[in-house]
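The residues making up each chain are set out below.
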Amino acid sequence: MICFNVPPFTGKEMQYMKEAVDAQKICGDGQFTKKCNQWIEENTGTLKALLTTSCTHATELAALLMDVKPGDEVIMPSFTFVSTADAFVLRGAVPVFVDIRPDTMNIDEKKIEAAITEKTVGIVPVHYAGVSCEMDTIMDIAKRHNLWVIEDAAQGVMSTYKGKALGAIGDFGCYSFHETKNYSMGEGGAILIQNEKYIEEAEIIREKGTNRSKFFRGQIDKYTWVNFGSSYLPSDMNAAYLWAQLELAEEMNRKRLECWNRYYENLKELEENGYIELPTIPEGCVHNAHMFYLKAKDLEERTEFIDFMKKKDVLTVFHYIPLHSAPAGLKYGRFHGEDVYTTKESERLARLPMYYALSLEEVDYISNAVKEFYASR
Ligand SMILES: *Cc1c(COP(=O)(O)O)cnc(C)c1O
């Protein structure tokens, strides 16, 4: 059986976790958390990076920093994971869903401006599959309408847009280190902050509303409760696990891309013959092989495809149920404009196995199974 996902593991995770334990520092902001924060800063060019307990929490933290209020409107795609919307719904805001582009499955930048009202406060582009949204256009719209941009770069670690790291382009960027992502700590994430003026407040909210970070740096002699806050900092044991991967990020990325490119080579004939569609990587975008998907003709064909692959011992999955058609989406959000692609394209999409430990032989086996399915059509 070829699994759909295997959590990344490079070999040094246990050693580093033991080091955290031996150092008797297993709470947050220990040596490994600092190494991870620094790695993100150096590799993305962001002004400040802070590990968080999840990407969901990083987005919540960004929403708190932007003082999102009840009734505010936030523009985002409907084709995304629930967390993108949750962080703002928790603040009483209304997610305003905009259609996607069929080529990248990312928010259609040309449809954003029409969705802006006097209640709009920000835009949340989601870089699906680690392939960038059209950020120049999005940043320009945000600037002209005085909106903030929080990038949901959960899938975008190690990807770039015109040479800039995803997550380090908008006002804030949110990374995920969940076990299904390219680099993992089980559950975890990070917030990337581009503006100096939000750093101190971010540290305070992340540490239960206290100025403990300043205290640890020796900038003050006692710490106290200075603002509202929560607990968004992960254990240093989890950070130790992540560090074993970040220090090998180049190599891990290279290996994933090798599998991705092999899938593409193997399956492009099926695309040329009109059976399936494969992902598009727009010019200027460098992706991180977060996922490999194909699009079948329609929902019916996809269902048959997933069943066929299961019989071949290959687990393939689909996602997302568009948020605007989910119960909470109907309750809390609204779709602006026409749903031309969101529902239609999401019903055709199937993800093939893609993870660090996947071998080229397995990619070939899976590709042959895909070809076999289409040979009978
Ligand atoms: C995985 C994911 C998230 C949530 O990440 P967590 O770290 O599990 O909170 C949010 N948005 C997108 C697009 C994701 O893929």
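Computed from a prediction, not measured in an experiment: that's the story for all the values here.

About the cut-offs
Sequence positions are assigned chain by chain, starting from 1 and proceeding in written order. Where local features are concerned, this predicted model is filtered to residues with pLDDT of at least 70; where side-chain atom pairs are given and counted, the filter is 80 or more; whole-chain, interface and lining totals use all residues. Computation of side-chain values covers all heavy atoms of the structure but excludes hydrogens and water. The helix and strand labels rest on DSSP assignments: H or I over at least four residues marks a helix, E over at least two residues marks a strand, and numbering proceeds from the N terminus. The buried label goes to any residue with under 20% of its type's maximum accessible area, the exposed label to any with over 50%, and the partly exposed label to all in between, with areas taken from a 1.4 Å probe on protein chains only. The charged-residue count follows a simple rule in which Lys and Arg add positive charge and Asp and Glu add negative charge, with His and chain termini not counted at all. What makes a salt bridge here is a side-chain nitrogen of Lys or Arg within 4 Å of a carboxyl oxygen of Asp or Glu, nothing more. Polar contact is the term for a pair of N or O atoms within 3.5 Å; when the atoms are in protein, one must be able to donate a hydrogen and the other to accept it, and sequence-neighboring residues count only if both atoms are side-chain atoms. By the convention used here, residues are in contact when the closest approach between their heavy atoms is within 4.5 Å. The residues that make up patches have over 30% relative accessible area and no salt bridge, and they are joined within 9 Å when like-charged or within 5 Å when they are Val, Leu, Ile, Met, Phe, Trp or Tyr. Here, Shrake-Rupley sampling with a 1.4 Å probe gives the accessible areas, and only protein chains in the shown set may cover a residue. If a single non-hydrogen atom of a residue is within 4 Å of a molecule or strand, that residue counts as near it. In this classification, Asp, Glu, Lys and Arg are treated as charged, Ala, Val, Leu, Ile, Met, Phe, Trp, Tyr, Cys and Pro as nonpolar, and every other residue, Gly included, as polar.

*Asks:* Go over the side chain of Glu151 with me, naming the residues and quoting the values.
*Replies:* As for its position among the elements, Glu151 is in strand E5 (residues 148-152). There is no salt bridge for the buried Glu151, and the closest opposite charge comes from Lys164, which lies 9.1 Å off by N-O distance. Polar contacts involving the side chain of Glu151 include one to the main-chain amide nitrogen of Gly167, which spans 2.8 Å. In terms of polar contacts, Glu151 uses its side chain to reach the backbone amide nitrogen of Ala168, at 3.4 Å. With residues up to four places along the chain from it excluded, the contact list for Glu151 reads Pro125, His127, Met135, Leu166, Gly167, Ala168, Ile169, Gly170, Phe172, Gly173 and Cys174.

*Asks:* Lay out unusual backbone geometry in plain terms, naming residues and giving numbers.
*Replies:* The amide bond that connects His319 to the next residue, Tyr320, takes the cis arrangement and shows omega of -20 degrees. Looking at the element boundaries, Tyr320 is found in the loop between helix H10 (299-311) and helix H11 (327-332). We note that Asp67 has phi near 55 degrees; this positive angle belongs to a residue other than glycine. Topologically, Asp67 is positioned in the loop between helix H3 (55-65) and strand E2 (73-77). For Asp67, a relative accessible area of 45% translates into the label partly exposed.

*Asks:* Kindly report on a nonpolar patch on the surface, identifying the contributing residues and their values.
*Replies:* Together, Phe215, Phe216 and Tyr223 make up an exposed nonpolar region whose accessible area comes to about 290 Å². Considering the arrangement of structural elements, one finds Phe216 in helix H7 (residues 212-216).

*Asks:* If you had to explain the site of the ligand to someone new, which residues and values would you point to?
*Replies:* The ligand sits among 15 residues. The nearest are Thr56, Asp152, Gln155, Ser176 and Lys181. Separating an oxygen atom of the ligand from a backbone N or O atom of Cys55 is a distance of 2.9 Å. The side chain of Thr56 places a nitrogen or oxygen atom 2.4 Å from an oxygen atom of the ligand. Contact with the protein chains covers 92% of the free accessible surface of the ligand, which is 390 Å². Classifying every residue of the shell around the ligand by side-chain character gives 5 nonpolar, 8 polar and 2 charged.

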